[in-house]
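Descriptive structure summary
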Amino acid sequence: MGLTFMKGLAGMKGLAGLAPMAVAAVLALAPAAHAEPKAGGTLTSFTSGFRSLNPAVQSGSATGMPGSQIFAGLIQVGADYTIEPYLATSWSVADDQLSVTFTLVEGAAFHDGQPITSEDVKFSLETTKANHPFGKAMFGHVAAVETPDAATVVFKLDQPVPGLLLSLQPLLMPILPKHVYGDGQELKQHPRNMENVVGSGPFKVEENNPAERLVLVKNENFFVKDRPYLDRIVFPVVKDPLTRVLMLEKGEIDLAPFSGVRPTDAKRLEAARGVNITTDGYGAIGYIHYLELNLRNKPFSDPKVRHALALAIDTDFLAKVIFGGRTVPGTGPLHTGNPFYSPDVPGFARDMEKAGAMLDEAGYPVGADGTRFSFTLDVPSWAIQAHVPMAEYIQATLKKLNIGVELRRAPDFGTWVKRIAAFDYEATMNGSFNYPDPTIGVHRHFACDNIRNVIWANTQGYCDPAMDEMLAAAAVETDIEARKAVYAKIQRKAVEDLVFIYMPQDFTATVYSDRVGNLPSTPFGALAPWYDVYLND
Amino acid sequence: MLLQTLRKSANAAALLLAVLVLNFAMIHLAPGDPVETLVGEMGGSTPELIAQLRQSMGLDRPLYVQIALYVGNVLQGDFGHSYYYDQPVLDLILARIGPTLLLVVTALFSATVIGTLLGVFSAQRRSSWLSHLVTVLSLAGFSAPVFWVGIMLILLLSVAVPIFPIAGMSDALGSESTLGYVLDVARHLVLPALTLGLIYLAFYSRLSRASMLEVLGSDYVRTARAKGLPRRLVIYKHALRNAILPVVTFAGLQFGQVISGAVLVETVFAWPGLGTLAFDSILRRDTPTLLGILFFSALMVVVMNLATDLVYRRIDPRIKTR
């Protein structure tokens, strides 16, 4: 990114790795060093559809990708998780770690010309906290927001929140105009989430036709000097993955993050002239696949049975065959791109003989009918290109262990959600996002108090006081190395306890043409602002 | 005539009412819960919000009450509120119905006219290359699935020989003049309309060929020829008028099928019509939107059938006297 500033996350202390000291930055920044960026041009991306352009009330990449272009954030996240200035030029963390003071850039204005003030920042945080699915996880410990003057905003915390700054970039806390959204209407259903959207970011909405396309144009009054480079970004609505592949091949799409291409399509696209593929830019999102077992009921309440399954399922094979070798086997609850990832976890090399012996030991010998036991494996309706073949593989490989698996494919998302959130299942293929700070995307699966009838909570029913203790410690540990050490222990315990059986990580790719310069490839990738992106001739 | 038209219109209205009630009952009895889907899309929720949503959508009431309320609202022009888009269903449908009608009518009209002409030409020269072409085209049109035809046409006419755009209805940076816009839409329309219409083109060419052959062998055509009438007059005035009757009948009946085909074609070509909206609504359990689309699809079919009836009467005066 062009904003060249800040120290890395590693080796730093304080909130999100920031030392408790004032941090100054200059926003008139030098362009990226690796190329000669050019101003102008229209970049074509794509969208598969969205119901809102406001990331404060709607999570997910469909809203987040355009949303991060329309709305600015207090900070942004650079390469290696560096925290970089954005709307906030500087910030300081109090010695007791219980307050953070931000200074806003001078002269920043919303798309309608109204100035961006500390009141808008306060409103944005309160809105996100109340309406975003992770609002409480991110900002639950922000007890108050003070606005001593228009350019200063102070977050008062009731406990240290190490991941706070990571949550202040536009994807997770967009800066909203209070004069538009503060009219008392319900925020989730606010009409301005889709019509006449007034943002604070590098691009303005020119056309929003949910049936056909979203067009964003350059915000000439953007507060970052000489940015954005692009004149216009077009997001045509293209739902069919094969059509997208053909459009990419022909050059009708310049940049396709979250492209949904399969490994076979990737091979085809790599062969196309001027088309490139990268898996960079998804570290902070960290999507992982896993086999989720309902731990409340037999046989999966027995760790030996779960261990036997882990020994029978060859994730190396799955990574090679299903994902064409374009991903790696998952080792634990954290994605390899997460800053707190630790490889120091037990492995499960395939050993069918040992798996059979463990099942015998657990009291599940082969019965007279030739089986040890049978179970139903739910297969969700989403990410079917990964879930279906993985489920079919599990069915086939467990048959060799004399375990019967009946696959139950959900007709739609709601049906699957209903079964899992009601704990009315035996096992399911599943997957979820880590998000950069584990308090958002990881704790939810392991905390005892999150066993709730909500999807992607602790639906499997795992509860261990020792784990809870470690989660609580990690949530407030402000020393980055000490925090990494706690998360290493958490990962180890999660794998030892076989809370989930981890499948290969997802193959998520960005496909882009040679025309695209300064590809958004920081840990937040395409969900970060694109004001440095430019087009070559 | 007026009485007959009124009677047919009353029948059509009764049919639409039945469609409304049956669709509502079937969708609400099918598995899948719109509230669960909606909260899933939101990323999670609480039991309180789920209960609140269920209540606000009226899903906590008995089915017969829901049906009665729905029919009553529809009669007043209120098709409900989309769960997913959070907009009135009527607004959503009116925004999308134009592109679908454009696609469907273009496909069906082209297929009928071109198919009939091909059939007529090939019937006159049974062993000509055109006749063989019609046969091959029919076989291909019938055998190939719509989505496959779409992808093949894209590969051929958009990727290999880049004549037409792959997807969408217009360019984002298209011409600002009306004529420029019309030409832009026409350029985008060619491949989806061809994909959707190919199977019907095949069908109508076979149908009109067979019908024409039968008519050309009939006594009155032979008489007309014996009287020395010009060949063109015999074929296009006397023979074609009778030969075209089955084509008109089928075109009316098949309108519903063409709309069904549009769901796939619109998805492949990212055409911003009712088909893609229907596809999304099914996946998202957006029942008010889906019900609205089904109703409007039924309405289009009913109107088309009435229109067919009128055209039929115009072509064949014998119908009027019955």
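The model shown is predicted, which means the values in this text are computed figures rather than measured ones. (Residues numbered from 1 in each chain as written. Chains lettered and ligands numbered in written order. Predicted model: local features only at pLDDT ≥ 70, side-chain atom pairs only at ≥ 80, totals over all residues. Heavy atoms only, no water.)

**Brief notes about a positive patch on the surface**
All names here are of chain B. Here is the rule: Residues qualify for a patch when their relative accessible area is over 30% and they have no salt bridge, like charges being joined within 9 Å and the nonpolar side chains of Val, Leu, Ile, Met, Phe, Trp and Tyr within 5 Å. All accessibility values rest on the Shrake-Rupley procedure with a 1.4 Å probe; residue burial counts only the protein chains present in the view. Between Lys or Arg on one side and Asp or Glu on the other, a salt bridge is scored when a side-chain nitrogen of the former is within 4 Å of a carboxyl oxygen of the latter. Two residue types count as positive, namely Lys and Arg, and two as negative, namely Asp and Glu; His and chain ends fall outside the count. Lys charges are placed at NZ, Arg charges at CZ, Asp charges at CG and Glu charges at CD. Starting at the N terminus, helices and strands are each numbered in turn, a helix being any DSSP run of H or I of at least four residues and a strand any DSSP run of E of at least two. Here's how the labels work: a residue is buried when its accessible area is under 20% of the maximum for its type, exposed when over 50%, partly exposed in between, all with a 1.4 Å probe on protein chains only.
A surface patch of like charges, here positive, comprises Arg125, Arg225, Arg231 and Arg232. Along the chain, Arg225 turns up in helix α9 (residues 219-226). Accessibility expressed as a relative area gives 42% for Arg225, which makes it partly exposed.

**What about helix α8 (residues 178-216) of chain B?**
Put simply, the rule is: What a helix is expected to span follows from its residue count: subtract one and scale by 1.5 Å. Here the bend at a residue means the angle between the axes of two seven-residue stretches, the one that ends at it and the one that starts at it.
With 39 residues, α8 of chain B should reach 57 Å at 1.5 Å per residue; the first-to-last C-alpha distance of 46 Å falls well below that figure. Most pronounced at Gly197 of chain B, the bend in α8 of chain B amounts to some 45°.

**Considering the pattern of salt bridges**
Residues and elements named next belong to chain A. The tally for this structure, following the rule as stated, stands at 23 salt bridges over all chains. Across the salt bridge formed by Glu212 and Arg213, the nearest N and O atoms sit 3.4 Å from each other. Both residues of the pair, Glu212 and Arg213, belong to the buried class.

**A closer look at the sheet that holds strand β11 (residues 255-256) of chain A**
All names here are of chain A. Put simply, the rule is: Strands were regarded as paired on the criterion that DSSP finds at least two bridges between them. Contact criterion: two residues are considered in contact whenever any of their non-hydrogen atoms come within 4.5 Å of each other. Geometry is summarised by axes, namely lines fitted to C-alpha atoms with helices restricted to the contacting stretch, and by angles between N-to-C directions that run from 0 to 180 degrees.
Read from one edge of the open sheet, three strands run β11-β18-β12, paired in antiparallel fashion. Edge positions in the open sheet fall to β11 and β12 (275-278), since each of these has one partner strand only. Strands β12 and β18 (510-513) of the sheet are contacted by helix α6 (residues 263-271), whose axis makes an angle of about 140° with β12.

**Section: the interface of chain A and chain B**
Interfaces are frequently sized by the accessible area removed from exposure as the parts join. Here is the rule we go by: Buried area: the sum, over both parts, of the accessible surface (1.4 Å probe) that disappears when the two are put together. As used in this structure description, the phrase polar contact means that two N or O atoms lie within 3.5 Å; if the pair is within protein, one of them must be able to donate a hydrogen and the other to accept it, and residues adjacent in sequence are counted only when both atoms belong to side chains. Gly is put with the polar residues, along with every residue not named as nonpolar or charged; the nonpolar set is Ala, Val, Leu, Ile, Met, Phe, Trp, Tyr, Cys and Pro, and the charged set is Asp, Glu, Lys and Arg.
Taken together, the 34 residues of chain A in the interface contact 38 residues of chain B. Summed over both sides, the interface of chain A with chain B buries roughly 3200 Å², with 61% coming from carbon and sulfur. Here chain A and chain B share one salt bridge between them. Between Lys239 of chain A and Asp280 of chain B there is a salt bridge whose closest N-O contact spans 2.7 Å. Remark: the boundary between chain A and chain B carries eight residue pairs in polar contact (both at pLDDT 80 or more). Of all the secondary-structure elements, those providing two or more residues to the side of chain A that touches chain B are β9 (213-218), β10 (232-236), α5 (241-250) and α11 (413-421) of chain A. For the side of chain A that touches chain B, the element with the highest residue contribution is α5 of chain A, accounting for six residues. Class assignment of the residues belonging to the side of chain A that touches chain B gives a composition of 14 nonpolar, seven polar and 13 charged.

**A look at the state of the cysteines**
Residues and elements named next belong to chain A. Applicable threshold: Cysteine sulfurs are considered disulfide-paired once they come within 2.5 Å of each other.
Applying the stated criterion across every chain yields a total of one disulfide over all chains. In this model, Cys448 is linked to Cys463 through a disulfide, with the two sulfur atoms separated by 2.0 Å. For the disulfide bridge between Cys448 and Cys463, the dihedral angle about the S-S bond is near 105°, and by the sign convention the bridge is right-handed. With Cys448 in the loop between α13 (443-446) and α14 (465-476) and Cys463 in the loop between α13 and α14, this pair connects stretches of sequence that are 15 residues apart.

**Quick look at a nonpolar patch on the surface**
All names here are of chain B. A surface patch of nonpolar side chains, amounting to about 670 Å² of accessible area, comprises Leu101, Val105, Phe109, Val113, Ile114, Leu117, Phe121 and Tyr236. Top contributing element to the nonpolar patch by residue count: helix α5 (residues 89-124), with seven residues. Examined against the element boundaries, Val105 turns out to sit in helix α5. Residue classification places Val105 among the partly exposed residues on the basis of a relative accessible area of 43%.

**Points about the confidence of the model for chain B**
Quick note on the threshold: Summary of the metric used: pLDDT quantifies the predictor's per-residue confidence within the range 0 to 100.
For chain B, the average pLDDT comes to 83, and 93% of its residues sit at 70 or higher. Confidence estimates for the predicted assembly give a pTM of 0.85 and an ipTM of 0.79.

**Some points on the packing of helix α1 (residues 2-29) of chain B against helix α4 (residues 63-75) of chain B**
Residues and elements named next belong to chain B. So the rule is basically this: In this scheme, roughly parallel covers angles under 35 degrees and roughly antiparallel covers those over 145, while 65 to 115 is roughly perpendicular and the rest are oblique. Definitions for this section: a left-handed crossing has its near helix turned counterclockwise from the far helix by less than a right angle. A right-handed crossing has that turn clockwise.
As a packed pair, α1 and α4 sit with axes 10 Å apart at the nearest point and diverge in direction by 140°. By the angle between their directions, the pair α1 and α4 is classed as oblique. Here α1 runs over α4; the crossing is right-handed. Residues Leu17, Leu20, Val21, Phe24, Ala25, His28 and Leu29 of α1 form the contact with α4, whose own contacting residues are Leu63, Gln66, Ile67, Tyr70, Val71 and Val74.

**Some remarks on the side chain of Ser208 of chain B**
All names here are of chain B. As for its position among the elements, Ser208 is in helix α8. Take Ser208: its relative accessible area is 2%, and that puts it in the buried class. Excluding its chain neighbours within four sequence positions, the residues that come into contact with Ser208 are Gly115, Thr116, Gly119, Val120 and Val247.

**What about unusual backbone geometry?**
Residues and elements named next belong to chain A. The step from Arg227 to Pro228 runs through a cis peptide bond, and the omega angle for that step is 0°. Among the secondary structure elements, Pro228 is positioned in the loop between β9 and β10. Of note, the amide linkage connecting Lys298 to Pro299 takes the cis form, showing an omega dihedral of 0°. One non-glycine residue, Asp226, lies in the positive phi region at around 60°. The class for Asp226 is exposed, based on a relative accessible area of 58%. Notably, Asn518 is not glycine yet its phi reads approximately 55°, a positive angle.

**Observations concerning the packing of α5 of chain B against helix α14 (residues 287-315) of chain B**
Residues and elements named next belong to chain B. Contact geometry of α5 with α14 gives a least axis separation of 11 Å together with a crossing angle of 40°. One finds that α5 runs oblique with respect to α14. Our pair here, α5 against α14, has a crossing hand that is right-handed. Contact residues: α5 offers Val89, Leu90, Leu92, Ile93, Ile97, Leu101 and Leu108, while α14 offers Pro288, Thr289, Gly292, Ile293, Phe296, Met300 and Met304. Looking at the contact of α5 with α14 residue by residue, the classes come out as 12 nonpolar, two polar and no charged.

**Concerning the pairing of strand β14 (residues 373-379) of chain A**
All names here are of chain A. In plain terms, the rule: We call a crossover right-handed when, viewed with the strands running away from us, the connection from the first strand over the helix to the second turns clockwise.
Most of β14 sits out of view: six of its seven residues are buried. As a crossover connection, the stretch from β14 through helix α10 (residues 384-399) into strand β15 (residues 403-409) is right-handed. Of the pairings in the sheet, the one linking β14 to strand β16 (residues 427-433) comprises two bridges and is parallel in character. Within β16, the position partnered with Leu377 by the bridge is Ala427.

**Section: the sheet that holds strand β7 (residues 152-157) of chain A**
Residues and elements named next belong to chain A. Taking strand neighbours across the sheet as the criterion, the four strands line up as β4-β5-β7-β6 in an open arrangement whose pairing is antiparallel. The open sheet has two edge strands, β4 (88-93) and β6 (142-149), and neither has a second partner. Averaged over all pairs of adjacent strands, the angle between strand axes in this sheet comes to 20°, irrespective of strand direction. The pairing of strand β5 (residues 99-104) with β7 spans five bridges and is antiparallel.

**Looking at the nonpolar core**
Residues and elements named next belong to chain A. As a reminder, the rule being used: For our purposes a nonpolar core is just a set of buried Ala, Val, Leu, Ile, Met, Phe, Trp, Tyr and Cys residues, chained together by side-chain atoms within 4.5 Å.
Residues Leu291 and Phe446 are the most contacted members of the largest nonpolar core, which totals 155 residues. Apart from the residues within four sequence positions on either side, Leu291 is in contact with Leu309, Ile313, Leu377, Ile394, Ala427, Thr428, Met429, Phe500, Ile501 and Met503. Membership of the second largest hydrophobic core comes to 80 residues, among which are Trp91, Phe139, Ile175 and Leu527.

**Section: the confidence of the model for chain A**
When the pLDDT values of chain A are averaged, the result is 90; 93% of them are 70 or greater. Ignoring residues within four places in sequence, the model shows residues 1-13 of chain A, a span with pLDDT below 50, making 52 contacts including any to other chains.

**Some thoughts on the environment of Lys156 of chain A**
Residue and element names in this part refer to chain A. Position of Lys156 among the secondary structure elements: in strand β7. Residue class for Lys156 comes out partly exposed when judged on its relative accessible area of 31%. C-alpha of Lys156 to C-alpha of Phe317: the two residues are 161 residues apart in sequence and 50 Å apart in space. Non-local contacts of Lys156, meaning those with residues more than four positions away in its chain, are made with Leu98, Ser99, His141, Val142, Ala143, Ala144 and Glu146.

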